[in-house]
Protein chains: 2
Amino acid sequence: MKKKERHQLLRKLVQQDVIRKQEDFVDKLHERGIEVTQATISRDIKELQLVKVPAQDGGYRYNLPPEMNYDISKKLSRLMRDAFVSIDTQREFVLIRTLPGNAFALGSLIETAKYSEMFGCVSGDDTVLIICRDEESAERFQRRIISFI
Amino acid sequence: MKKKERHQLLRKLVQQDVIRKQEDFVDKLHERGIEVTQATISRDIKELQLVKVPAQDGGYRYNLPPEMNYDISKKLSRLMRDAFVSIDTQREFVLIRTLPGNAFALGSLIETAKYSEMFGCVSGDDTVLIICRDEESAERFQRRIISFI
DNA sequence: CCTGAATAGTAATTCAAA
DNA sequence: TTTGAATTACTATTCAGG
């Protein structure tokens, strides 16, 4: 498993599970047959800028990075939660799949948001293709998008 | 000094100083003649829900809770709509002009928002000068700011 | 680069006290 | 309830090796 995939998985896990400490990540990955140590998770958390937030239940939990929430990002978030199916990158391209009929709206929002990594964007019925400035941008962009889910 | 006052002070400190670890809080309070230990700060942080965010400079810093940052971006948006005049970049600098008397407030908000692109910020009466990490950051930062209008 | 093992460095909690 | 001292628990980094 490559670092990139693991990062994606961590983002998913931190949202669907309650992760109270780094060892929880390690355990979750072990359950999936992925061998990784706390040291690596610590580094991943740093790169992904995950934060440990004191929770209302008296404990702590890791969360996605506190991002600036514009109106756009709230709309994006809502739409992503409703209609997001999958995301993938290939070179400088990012492909987002949505439920049928939602891709155009998503594409419009993404265009409005004017992400600096983005060079262009074209939407169909259930697919948005984003062309980024380069491969690195595509990865960063993907992370941004995933964080809306 | 009562807990409540200390909490208020911590909120202020976390915004105006770079707090990398809990001991930094302890030191800052000692400078002000307030005796307190790391244990207490840890409890305070929990109650205030401050978070330790991996920073872009490779370190970490404590920050206000994400929800509070959200409030800040709303304020920023309101102020921008009210007082924004122009924005321009030159190399790693971004210059924002506002209606007279509004720049200081804007600068404070921008500083509080702790944008990763930003290195420093100085405000006058109708001008905010932001020094970014590099030219690219300045451009990205400019886009972010414009998106508030 | 990326990682794990070991370890150093921080942070959270326990326990006793006021 | 709130706190500090001590301790435990957790997280970050160093160092060596893919």
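Note that the coordinates shown come from a computational prediction; the quantities given were computed from them, not determined experimentally.

Focus on the sheet that holds strand β5 (residues 118-123) of chain A
Residues and elements named next belong to chain A. Taken together, 4 strands build an open sheet; the order of strands is β3-β4-β6-β5 and the sheet is antiparallel. Among the strands making up the open sheet, the edge pair consists of β3 (84-90) and β5. Across the sheet, the axes of successive neighbouring strands diverge by a mean angle of 15°, strand direction being ignored. In this sheet, strand β6 (residues 127-132) lies alongside strand β4 (residues 93-98) in antiparallel orientation, the contact comprising 5 bridges.

With respect to the protein's contact with DNA strand C
If you check the shell around DNA strand C, you find 18 residues, and the closest are Arg6(A), Thr40(A), Arg43(A), Gln22(B) and Gln38(B). The sugar-phosphate share of atoms of DNA strand C within 4 Å of the protein amounts to 66%. In this structure, a phosphate oxygen belonging to DNA strand C sits 3.1 Å away from a side-chain N or O atom of Thr37(A). Interatomic distance of 3.1 Å between a side-chain N/O atom of Lys46(B) and a phosphate oxygen of DNA strand C. If you list the elements that add at least two residues to the surface near DNA strand C, you get α1 (3-16) and α3 (38-48) of chain A together with α3 (38-48) of chain B. The element best represented in the surface near DNA strand C is α3(B), accounting for 5 residues. Its residues assigned to classes, the surface near DNA strand C comprises 5 nonpolar, 5 polar and 8 charged.

Some remarks on the domain arrangement of chain A
One frequent convention defines the size of an interface as the accessible area lost when the parts assemble. Residues and elements named next belong to chain A. Per the domain assignment, the segments of chain A are domain 1 (3-63) and domain 2 (71-146). Computed over C-alpha atoms only, the centres of domain 1 and domain 2 are separated by 24 Å. With 5 residues of domain 1 at the interface, the matching set in domain 2 holds 6 residues. Counting each side, the surface lost to burial between domain 1 and domain 2 is near 470 Å², with a carbon and sulfur contribution of 47%. Among the residues of domain 1 in contact with domain 2, Lys 4, Gln 8 and Arg 11 are the three that bury the most area, contributing 83% of the side total. Inspection of the region where domain 1 meets domain 2 yields 0 salt bridges. The interface formed by domain 1 and domain 2 contains 1 residue pair in polar contact (both at pLDDT 80 or more). The element contributing the most residues to the side of domain 1 that touches domain 2 is α1, with 4 residues. Looking at the side of domain 1 that touches domain 2 residue by residue, the classes come out as 1 nonpolar, 2 polar and 2 charged.

Some details on the nonpolar core
Phe25(B), Ile96(B), Ile110(B) and Ile130(B) are the most contacted members of the largest nonpolar core, which has 38 residues in total. Counting contributing residues, this core receives three or more from each of domain 1 (3-63) and domain 2 (66-146) of chain B.

Here's the deal with unusual backbone geometry
We note that Gln49(A) has phi near 55°; this positive angle belongs to a residue other than glycine. Mapping Gln49(A) onto the fold places it in the loop between α3 and β1 (51-54). When its relative accessible area of 32% is taken as the criterion, Gln49(A) is described as partly exposed. The backbone phi angle of Arg91(B) is positive, close to 50°, even though this residue is not glycine. Position of Arg91(B) relative to the elements: it lies in the loop between β3 (84-90) and β4 (93-98).

What counts, and at which threshold
- Residues numbered from 1 in each chain as written.
- Chains lettered and ligands numbered in written order.
- Predicted model: local features only at pLDDT ≥ 70, side-chain atom pairs only at ≥ 80, totals over all residues.
- Heavy atoms only, no water.
- Pairing = 2+ DSSP bridges.
- Helix = DSSP H or I, 4+ residues; strand = E, 2+ residues; numbered from the N terminus.
- Axes fitted to C-alpha atoms, helices over the stretch in contact; angles between N-to-C directions.
- Near = heavy atom within 4 Å.
- Polar contact = N/O pair within 3.5 Å; in protein donor to acceptor, adjacent residues only side chain to side chain.
- Nonpolar A, V, L, I, M, F, W, Y, C, P; charged D, E, K, R; others polar.
- Domains from an automatic or database assignment.
- Contact = heavy atoms within 4.5 Å.
- Buried area = accessible area lost by both parts, 1.4 Å probe.
- Salt bridge = Lys/Arg side-chain N within 4 Å of Asp/Glu carboxyl O.
- Core = buried A, V, L, I, M, F, W, Y, C linked by side-chain atoms within 4.5 Å.
- Buried < 20%, exposed > 50% of the residue type's maximum accessible area, 1.4 Å probe, protein only.

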